[in-house]
Amino acid sequence: MFPELSFRDVNREEQDYCSLFAHALIASSEVRDFFFNKCGIELKGKEVEVCVEPAPLRDYWYALGDPKKHSKATEMARKQVLSQFIEYYQVGLDIDETDFFWTVNTKSSNGKGKLRSPGIWESENIRQAELERLFILKYAFNSKLDIMLLTESHVIFIEAKLESAESSYGVSRLTQTEIQNEIGKLITEFIPAFKPLKYLRFTLGFKAKPDISWHEVHQWVGASPLDQHTKRSFHALCNRYPMK
């Protein structure tokens, strides 16, 4: 028989606790104060945006134009962005002559279709072209962050772990840390809304000496006037993973 426990006593879903922490940061000025003090950041202004599982590069590429329609305006906007990346990675490619940048559509005006997001470039094509340095761009477009905070002065990534270790990707074995730091560099270099912001990244977990412990989050939430569901959920989580 299954144990007679509430779901919060057995819940092991990382993203659920990320959502609860995001809720706590939005809803409680006390939790925000604890967090920013822990991170050594002086919060300028009260405005804080908190996003769960954002993919900023993917979504800004989408904002360049309707991906379901072929238009010269969208193609020009994408080509301009892609040209900036090519220059940044110093690969010296001709966009029009690099087939895997394009969808195949002989009915389109250029016979190549539409410029594709770097996130859907085929790994084999990148290897065959000996452009391994572009793997990190592909993964940066595909990667979803656990939590992203935006203030008037900072963009902050939080990488959260419960039980899992840090992941690595593809034949290049790039780590989550490397990819997320690359995202931070790219968005503050190329996306106007992020250019004025300072990029920071923190780890949240139980193991491997994280920057922030879930036990600290539990304490912050417990000292706040937040709802009982959030408090009980973090209490149950930290009971399962006691401090050592």
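The text that follows walks through the structure, step by step, so that each part is easy to find. (Residues numbered from 1 in each chain as written. Predicted model: local features only at pLDDT ≥ 70, side-chain atom pairs only at ≥ 80, totals over all residues. Heavy atoms only, no water.)

1. A short note on the nonpolar core
Core analysis: the biggest nonpolar cluster contains 37 residues, and Leu57, Phe101 and Val155 have the highest contact counts within it. Looking at this core, the elements that each hand over two or more residues are helix 3 (56-62), helix 4 (72-89), helix 6 (135-142), strand 2 (147-150), strand 3 (154-160) and helix 7 (176-190). In terms of residue count, helix 6 provides more of this core than any other element does, six residues in total. Leaving out residues up to four positions away in the same chain, phenylalanine 101 has contacts with Leu82, Ile86, Leu93, Ile95, Lys114, Leu115, Arg116 and Trp121. Counting 31 residues, the second largest nonpolar core, distinct from the first, contains Tyr17, Leu25, Cys39 and Leu149. (Core = buried A, V, L, I, M, F, W, Y, C linked by side-chain atoms within 4.5 Å. Buried < 20%, exposed > 50% of the residue type's maximum accessible area, 1.4 Å probe, protein only. Helix = DSSP H or I, 4+ residues; strand = E, 2+ residues; numbered from the N terminus. Contact = heavy atoms within 4.5 Å.)

2. Things to note about the pairing of strand 2
Side-chain alternation along strand 2 places Ile147 and Leu149 on one buried face and Met148 and Leu150 on a second face that is also buried. As paired elements, strand 2 and strand 3 share four bridges and run antiparallel to each other. By the bridge assignment, leucine 150 is partnered in strand 3 with valine 155. As consecutive antiparallel partners, strand 2 and strand 3 are separated by three residues. (Pairing = 2+ DSSP bridges.)

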